[in-house]
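Geometric and topological summary
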Amino acid sequence: MDSLKFICHDFFVLLSFIACIAGLLLLWERNQQKDEAEETERILFRMSFSYWLVYCVAFAIQKIVLPDWETIMMSLKITAALSYFLTFSCVVSLPLHKFAVRHVEE
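Residues numbered from 1 in each chain as written. Predicted model: local features only at pLDDT ≥ 70, side-chain atom pairs only at ≥ 80, totals over all residues. Heavy atoms only, no water.

1. Quick look at the packing of helix α2 (residues 36-64) against helix α3 (residues 70-105)
- Contact geometry for α2 and α3: axes closest at 8 Å, N-to-C directions at 160 degrees. Classified by the interaxial angle, the pair formed by α2 and α3 is roughly antiparallel. Seen from above, α2 lies across α3 with left-handed handedness.
- Partitioning the contact of α2 with α3 into residue classes produces 19 nonpolar, 8 polar and 3 charged. (Axes fitted to C-alpha atoms, helices over the stretch in contact; angles between N-to-C directions. Helix = DSSP H or I, 4+ residues; strand = E, 2+ residues; numbered from the N terminus. Parallel < 35°, antiparallel > 145°, perpendicular 65-115°, else oblique. Left-handed = near helix turned anticlockwise from the far one by under 90°. Nonpolar A, V, L, I, M, F, W, Y, C, P; charged D, E, K, R; others polar.)

2. What about α2?
- Counted at 1.5 Å a residue, the expected span for α2 with its 29 residues is 42 Å, and the 42 Å between its end C-alpha atoms agrees.
- If you check which residues of α2 are buried, you get Ala 37, Glu 39, Glu 41, Arg 42, Leu 44, Ser 48, Leu 53, Tyr 55, Cys 56, Ala 58, Phe 59 and Gln 62. (Expected span 1.5 Å × (residues − 1). Buried < 20%, exposed > 50% of the residue type's maximum accessible area, 1.4 Å probe, protein only.)

3. Some thoughts on the packing of aromatic side chains
- All chains considered together, the criterion is met by 6 aromatic pairs.
- For the pair Phe 11 and Phe 12, a centre-to-centre distance of 5.7 Å together with 65 degrees between the ring planes defines the contact as edge-to-face.
- With 5.8 Å between their ring centres and 50 degrees between their planes, Trp 52 and Tyr 84 make a pair best called tilted. Of this pair, Trp 52 sits in helix α2 while Tyr 84 is found in helix α3, placing the two residues 32 residues apart along the sequence.
- Three or more aromatic residues joined by ring pairs form one cluster here, namely Trp 52, Tyr 55, Phe 59, Tyr 84 and Phe 85. (Phe/Tyr/Trp six-rings, centres within 6.5 Å; stacked < 30°, edge-to-face > 60°.)

4. Topic: α3
- Along its 36 residues, α3 runs 52 Å from first to last C-alpha, staying within 8% of the 52 Å computed at 1.5 Å per residue.
- A maximum bend of about 25 degrees is found in α3 at Leu 94, where proline Pro 95 lies one to four positions downstream.
- By the burial criterion, the buried members of α3 are Met 73, Leu 76, Ala 80, Ser 83, Thr 87, Cys 90, Leu 94 and His 97. (Bend = angle between axes of the 7 residues up to and from the residue.)

Following this line, the structure appears as structure tokens:
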């Protein structure tokens, strides 16, 4: 049962990796936005996708690297944790930014 849980988690990390790439491609625009609020939202979305992409890569490398390499494993775990928290902070910042923009408009 435990190995099934790990396989499901690995599958969802792979799926979210692909979704992050798709999200970044959808957010890719060549022209500049004139509205500062929209541009800030776009940047926050890009940051959250990028940070989650870093988490997925660090998670995948942890699965590949030999467990004897403690220094590499520790730095990968720290990278994964930091990117996880940065993703969380960007996701929390999106509604806060929308609230601040509405508050300024009123």
